[in-house]
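The chain contents come next:
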Amino acid sequence: MAGAAETALVREDTTGTEAVAGVAIALAVLLFAFDVGVLFDVVSIDGTIAGIPTVALLGGLLVLLGGAVVSFGVGSFLGYVETEPSPDAGLVAAAVFTLVWFGLGGAAAQAVAGGSLLWLPAAAATGGLAFAVAVLTREDLGSTLPAGAVAIVVGVVYLTGTIGPAWAWNLGFEQQASITAPFLVPVATAGCALLAGWAAAKAYGGFGARGRRMGAYLLVYTNAGAIISVLFVLIAFTAFRGIPGLLNGAAVGPGVGPSVSVLGVGVALPVSVPFVTNGVGLLNDFQGVFPAIVGTIWLVVGAVAFAVPLGVGAAVFLTEYAERGRLTQAVEVATNGLWSTPSIVFGLFGFTFLVPRFAGNKSLLSGMLTLGFMLLPLVLITSREALLSVPDEYRDASAALGVTKWQTIRSVVVPAALPGVVTGVILGVGRIAGETAPILLTMTGGTFVSRDRAADVIGGFAFTAQPPFVTNPELLQATTALPFQLYALITAGVGLGDNVSNPTEFQWATAFVLLLVVLSFYAIGIGTRYYFRRQLRHE
Amino acid sequence: MSDITQTTEADSADTTETADAASTGVDGPSATGRSSTETTAGETDEHVREEWREYAFEGDAKFAVEDLDVYYGDDHALNGVSIEIPERSVTALIGPSGCGKSTFLRCLNRMNDRIKSARVDGSVRIDGEEIYQDGVNLVELRKRVGMVFQSPNPFPKSIRENIAYGPEKHGDIDTGLLARLLNRSDADERDRLVERCLRDAALWEEVSDRLDDNALGLSGGQQQRLCIARCLSVDPEVILMDEPASALDPIATAKIEDLIDDLAEEYTVVIVTHNMQQAARISDQTAVFLTGGELVEYGETDQVFENPHSERVEDYITGKFG
């Protein structure tokens with residue numbers, strides 16, 4: 001009977017063989033990490049590591065990995081290693097192997113025979129062979145041989161120097177385009193490591209269902225790890241480039257910082273970071289972006305103050321009062337559409353509608369409102385979802401106590417929905433804080449603003465004898481913000497040469513400060529959400 | 001006695017209409033049969049006689065219900081129910097699923113107004129005052145007629161806030177910032193109220209040292225007793241209970257039953273239950289609803305359980321159907 005072979009409930013002692021496969025997986029992971037280093041220039045591709053050229057080292061590791069995988073497969077096939085393989089490697093694996101080997105065979109033939117059409121039959125032959133091995137032989141051979149062989153072939157190509165650090169393949173396009181070693185080597189190595197690592201993981205699980213699960217684990221974890229590391233690399237990249245500019249002229253020591261008045265007593269801070277406390281001025285020792293930071297913060301505060309009450313109010317109306325029907329559907333469609341509207345369109349709206357209404361020039365207020373309009377749909381969507389997810393039991397319980405609907409909404413429904421609302425605000429602030437296009441059209445004035453021209457919204461309020469009794473010229477003046485400043489620095493770079501000694505450093509530092517400002521808004525939002533959640537749940 | 005037709009619009013401005021008949025009207029959609037000729041499987045065909053539903057008791061009637069009909073859209077959920085409920089006693093409503101007992105209960109404090117498709121015909125009087133007429137103050141009605149739901153539903157607030165919620169919203173207790181600043185905060189009064197309600201609900205001993213903890217951290221039985229305490233906080237005259245122990249374990253159920261017994265000395269308790277032993281244990285009089293939203297038999301609990309007039313009620317009580 002087919003498939004009636006007994007499967008042991010408890011696997012025999014397999015420590016030795018598992019260790020071999022485990023070493024192969026570790027090798028693959030190491031290779032992958034090393035490779036990411038090469039791709040991001042952390043490890044130089046034409047340098048040497050411990051006296052061995054980087055490419056040769058990669059090649060050697062690949063051959064080692066491929067050899068381990070192939071020998072494990074062959075050992076399992078010959079019965080030296082106890083495994084439970086399926087009859088074949090599976091169609092998906094076969095398709096992947098076929099594709100890889102089709103490309104590899106074609107590339108090799110092209111390299112040997114030059115511009116003839118010979119590459120096609122060669123590619124078909126290698127691809128077909130890989131397919132046959134994967135489909136027709138048992139799983140232990142079918143999934144290790146093609147994968148291990150890829151690693152060995154690529155490794156040998158590196159070792160022999162066929163592809164070295166200086167290698168390049170001119171594609172011959174109309175544009176200047178060629179595939180160079182610094183790109184090809186890490187990418188090909190990563191592919192091989194992934195393929196061979198997957199085969200090694202399968203071998204580690206003893207093939208069969210358990211092996212496939214191990215293989216899937218490896219792919220899933222590698223994928224997750226790669227995504228997370230990209231995020232960290234992005235932040236680290238900006239930080240590394242930005243920190244020198246940020247700390248330009250920074251000093252730590254008693255009394256070096258700017259003086260702050262605390263309860264009427266002037267106290268000099270012990271830390272001085274001119275980049276964030278200075279503006280731009282002829283007499284400054286170090287130039288800074290203080291006005292832009294202040295502008296960004298006021299922008300976000302203004303937009304949130306404008307959009308959150310409106311959005312939450314509209315969500316309360318839509319979920320609690322409005323009949324569910326055409327109107328709510330239309331509003332839903334409209335808000336979803338608004339959320340995906342390009343920011344430059346919001347900017348144009350602000351430019352043509354808001355700017356002429358506020359003093360006729362670009363102003364902080366019109367920037368706030370434009371960004372507020374951008375934030376509104378997301379706040380509305382997330383608040384609506386949050387309100388809908390508040391259990392009806394709360395509303396019933398409150399009604400049964402004779403409490404009116406409005407009081408129920410105010411003291412039970414909205415508090416229960418607050419964490420969801422805050423999540424929406426966090427997401428929205430992340431988007432608007434870095435937005436350049438709308439404020440370019442509605443708010444920004446000069447690029448290099450001196451410290452005394454930073455927006456002082458609180459100090460700008462003044463009382464007058466005539467209506468409207470309170471005026472605030474600061475809100476009606478153009479100012480600057482970090483994303484705009486960065487954009488202007490990179491595209492125009494006006495005056496950089498005179499004012500700033502190292503423009504590149506200045507730009508990266510601006511980008512880093514923008515990142516920090518956005519991240520601190522995140523932190524505030526997450527803290528707020530945590531606070532509200534604590535109130536709702538028993539901890 | 002004139003029948004007053006009251007549709008739900010009267011209350012729609014002041015209540016949430018998110019619930020629909022299918023989710024909240026426990027007995028709504030499945031109640032199909034109208035008369036005793038349309039029966040569920042196993043139910044005998046018989047004609048309901050008027051005297052089965054007559055129950056003479058001493059003292060005053062808290063509720064007087066006459067010819068009450070409830071429709072969920074086209075569904076006739078409650079069919080001409082007339083009943084008088086004595087005060088300061090426990091009245092159990094029993095019957096198979098979908099027979100209209102929860103619907104009946106929700107008519108007594110007009111919670112059915114919150115279901116958009118529900119339409120109520122007939123007359124319900126509390127202490128002689130009609131509650132289905134124009135100008136009824138729903139806030140006052142629901143303060144007088146409190147309700148405890150099937151699953152415990154405390155607010156996600158502290159135990160103290162849960163109890164004080166009703167009185168604070170009604171303005172009876174003011175502990176707001178302004179009141180504290182003006183030195184007329186009712187904090188002491190609130191604390192006395194919280195203690196009294198929790199003691200009445202037999203929960204004080206268990207939670208007295210953690211009144212500021214979130215109510216969701218209590219066990220299911222404690223949560224249900226907290227809901228009862230919350231219901232007591234607005235000083236009701238009647239407590240309606242919709243299967244209050246169905247989601248609880250036997251020990252918590254026993255505590256709730258003891259509590260109901262105590263409450264009946266001061267309050268009028270109307271309880272819906274699926275558990276016939278429970279009804280027999282705790283109630284003074286029992287009303288049996290059967291298929292079609294019909295009140296079949298009403299009388300002293302001992303009589304209904306030991307010597308029912310109706311053959312169908314006997315079948316139901318002995319477990320032949322339902």
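This structure is a prediction, so every number in the text was calculated from the model and none was measured.

Rules and cut-offs
Residues numbered from 1 in each chain as written. Chains lettered and ligands numbered in written order. Predicted model: local features only at pLDDT ≥ 70, side-chain atom pairs only at ≥ 80, totals over all residues. Heavy atoms only, no water. Contact = heavy atoms within 4.5 Å. Buried area = accessible area lost by both parts, 1.4 Å probe. Salt bridge = Lys/Arg side-chain N within 4 Å of Asp/Glu carboxyl O. Helix = DSSP H or I, 4+ residues; strand = E, 2+ residues; numbered from the N terminus. Buried < 20%, exposed > 50% of the residue type's maximum accessible area, 1.4 Å probe, protein only. Axes fitted to C-alpha atoms, helices over the stretch in contact; angles between N-to-C directions. Parallel < 35°, antiparallel > 145°, perpendicular 65-115°, else oblique. Nonpolar A, V, L, I, M, F, W, Y, C, P; charged D, E, K, R; others polar. 1 Å grid on protein atoms, 1.4 Å probe; cavity = no way out; pocket = protein on both sides within 12 Å on 5 of 7 lines; lining within 4 Å. Points joined across faces, edges and corners; volume = space filled by probe spheres on them.

Asker: What am I meant to see in the interface of chain A and chain B here?
Answerer: In this assembly, 27 residues from chain A lie in contact with 33 residues from chain B. Counting the surface lost from both chain A and chain B, the interface buries some 2500 Å², and carbon and sulfur atoms represent 56% of this. Between Lys 116 of chain B and Glu 323 of chain A there is a salt bridge, with the nearest N and O atoms lying 3.5 Å from each other. Of all the secondary structure elements, the ones that give two or more residues to the side of chain A that touches chain B are helix H9 (290–321), helix H13 (392–400), helix H14 (405–433) and helix H19 (503–536) of chain A.

Asker: Could you clarify how one ought to interpret the pattern of salt bridges in this entry?
Answerer: In a structure, side chains of opposite charge can pair up when their charged atoms sit close to one another. The final tally for this structure, using the stated rule, is 24 salt bridges over all chains. Across the pair Lys 202 of chain A and Glu 139 of chain A runs a salt bridge whose closest N-O atoms are separated by 2.9 Å. Taken together, the residues span a long stretch of sequence, with Lys 202 of chain A in helix H6 (residues 181–204) and Glu 139 of chain A in helix H5 (residues 139–159) at a distance of 63 residues. The exposure class of Lys 202 of chain A is buried, given its relative accessible area of 1%. The class for Glu 139 of chain A is buried, based on a relative accessible area of 0%. Linked by salt bridges that have partners in common, Arg 160, Arg 190, Asp 191 and Asp 212 of chain B make up one network.

Asker: So what exactly am I meant to see when it comes to the packing of helix H4 (residues 119–136) of chain A against H5 of chain A here?
Answerer: How two helices pack is summed up by the angle between their axes together with the distance between the axes. All names here are of chain A. Two elements in contact, H4 and H5, have axes separated by 6 Å at closest approach and are oriented at 150 degrees. It follows that H4 is roughly antiparallel to H5 by the angle criterion. Contacts between H4 and H5 involve Ala 130, Val 133 and Ala 134 on the former and, on the latter, Leu 141, Gly 142, Leu 145 and Pro 146. Class assignment for the residues of the contact of H4 with H5 results in six nonpolar, one polar and no charged.

Asker: I'm lost on the layout of surface pockets in this one. Help?
Answerer: The space that makes up the largest pocket amounts to roughly 960 Å³. Leu 104, Ala 107, Ala 108, Ile 163 and Leu 184 of chain A are, among the 25 residues lining the largest pocket, the residues nearest its centre. Taken together, the elements giving at least two residues each to the lining of the largest pocket come down to helix H3 (91–113), H5 and H6 of chain A. The greatest single-element share of the lining of the largest pocket, amounting to nine residues, is contributed by H3 of chain A. In terms of residue class, the lining of the largest pocket is made up of 20 nonpolar, five polar and no charged. Contributing to the lining of the second largest pocket are 31 residues, with Gln 535 of chain A together with Pro 156, Lys 157, Ser 158 and Glu 161 of chain B lying nearest its centre. Broken down by secondary-structure element, the contributors of at least two residues to the lining of the second largest pocket are H14 and H19 of chain A together with helix H5 (159–169) of chain B.

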